[in-house]
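Secondary and tertiary structure notes
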Amino acid sequence: MENTSTTAWFKLAVLYLVAGVALGLHMAKSGDHGMYPVHAHINLLGWVSMALFGLIYRQFPALAGNKLAKAHFWLYNLALPVNMATLFMYLGGNVAIEPVLGVASMVLGLAIAIFAINVVKNAK
Ligand code: HEM
Ligand code: HEM
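The structure reproduced in this document is the subject of the present report. (Residues numbered from 1 in each chain as written. Chains lettered and ligands numbered in written order. Predicted model: local features only at pLDDT ≥ 70, side-chain atom pairs only at ≥ 80, totals over all residues. Heavy atoms only, no water.)

Time to look at the overall build of the protein. Per the secondary structure count, the protein includes 4 helices and 0 strands. Scanning the protein from its N terminus toward the C terminus, one meets helices and strands in the order α-α-α-α. Seen through its C-alpha atoms, the protein measures out along the principal axes to roughly 45 × 30 × 20 Å. Looking at the protein as a whole, 37% of its 124 residues qualify as buried. The long-range share in the protein, meaning contacts at least 24 apart out of those at least 6 apart in sequence, stands at 74%. (Helix = DSSP H or I, 4+ residues; strand = E, 2+ residues; numbered from the N terminus. Buried < 20%, exposed > 50% of the residue type's maximum accessible area, 1.4 Å probe, protein only. Contact = heavy atoms within 4.5 Å.)

Right, dumping it as structure tokens:
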């Protein structure tokens, strides 16, 4: 379980890297930087944070595969795509989507809190 779950974090992380860099290149090429918060958070919540989660679960096998790790994985990976898609829509002018954006952000916050509890309780 440890290996599968950390491998999944890395594979998903590189998808966000590719998407984040593609959006960065698109912004640079078009000269329209309006979507930079989406770009920044795809790269930082997607690539950077997810690669770090994978590395931390590898470094501390006691964290990986427990209930907290599973809750972290599923809540984070269900909420992040919704969060990025709705932020994109919101910045594109669809302000009615804001409640969904808000809920997805809170679920992400919850997933991060669960990860933090797991690290504090179980890292050794
Ligand atoms: C070829 C790759 C990339 C390109 C072409 C690119 C392009 C851009 C552009 C055009 C902006 C908007 C700048 C502005 O209007 O202020 C931006 C902002 C940003 N990018 Fe990238 N980016 C790339 C990769 C990355 C990566 C890998 C990360 C993170 C790991 C990243 C993090 C950020 C952040 C945090 C901002 C917001 C900075 C701010 O608050 O002013 N970018 N990027
Ligand atoms: C649920 C988690 C998060 C939420 C709801 C959130 C929300 C926000 C908001 C509302 C802004 C201001 C955007 C604007 O200027 O219009 C912002 C900016 C920023 N955040 Fe986050 N953030 C989160 C997580 C993170 C994480 C984990 C990182 C870094 C690893 C990060 C890095 C940044 C950076 C560099 C900026 C400035 C660039 C930008 O405006 O997009 N954020 N964030």
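Turning to the coordination of the iron atom of ligand 2, a few remarks are in order. Donor atoms from the protein around the iron atom of ligand 2 number only one, His41 (NE2), found at 2.1 Å. With respect to the secondary-structure elements, His41 resides in helix H2 (residues 36–59). (Donors = N, O, S within 2.8 Å, 3.2 Å for Na, K, Ca; no water.)

No other protein atom reaches the iron atom of ligand 1 as a donor apart from His39 (NE2), found 2.0 Å away. For His39, the position within the fold is in helix H2.

Moving on: the side chain of His72. Assignment of secondary structure puts His72 in helix H3 (residues 67–91). Given a relative accessible area of 0%, His72 falls into the buried group. Within the structure, His72 has its side chain in polar contact with the side chain of Tyr57 (distance 2.6 Å). Every residue in contact with His72, bar those within four places of it in the chain, is listed here: Trp9, Phe53, Tyr57, Ala111, Ile114 and Phe115. (Polar contact = N/O pair within 3.5 Å; in protein donor to acceptor, adjacent residues only side chain to side chain.)

Mapping Asn118 onto the fold places it in helix H4 (residues 98–122). Among the polar contacts made by the side chain of Asn118, one reaches the side chain of Asn66 at a distance of 3.0 Å. Among all residues touching Asn118, those that are not within four sequence positions of it are Tyr57, Leu63, Asn66, Leu68, Ala69 and Ala123.

What follows concerns the site of ligand 2. Around ligand 2, the neighbouring residues are Tyr36, Pro37, Ala40, His41, Leu44, Leu45, Ser105 and Leu108. Residue His41 places a side-chain N or O atom 2.8 Å away from a nitrogen atom belonging to ligand 2. Secondary-structure elements contributing two or more residues to the shell around ligand 2 are H2 and H4. Broken down by element, the shell around ligand 2 gets its largest block of residues, 6 residues, from H2. A class-by-class count of the residues in the shell around ligand 2 yields 6 nonpolar, 2 polar and no charged. (Near = heavy atom within 4 Å. Nonpolar A, V, L, I, M, F, W, Y, C, P; charged D, E, K, R; others polar.)

Moving on to a nonpolar patch on the surface. Taken together, the side chains of Val14, Leu44, Trp47, Val48, Leu52 and Leu55 make up a nonpolar region of the molecular surface, amounting to roughly 500 Å² of accessible area. The element contributing the most residues to the nonpolar patch is H2, with 5 residues. Relative to the assigned elements, Val14 resides in helix H1 (residues 2–30). (Patch = residues over 30% accessible without salt bridge, like charges linked within 9 Å, V, L, I, M, F, W, Y side chains within 5 Å. Areas by Shrake-Rupley, 256 points an atom, 1.4 Å probe, with all protein chains shown as cover. Salt bridge = Lys/Arg side-chain N within 4 Å of Asp/Glu carboxyl O.)

Time to look at the environment of Leu23. Here Leu23 lies in helix H1. On the basis of relative accessibility, which here comes to 14%, the residue Leu23 falls in the buried class. Taking the C-alpha atoms as reference points, Leu23 and Tyr36, separated by 13 residues in sequence, lie 8.5 Å from one another. Discounting chain neighbours no more than four positions away, the residues touching Leu23 are Met35, Val38, His39 and Ile42.

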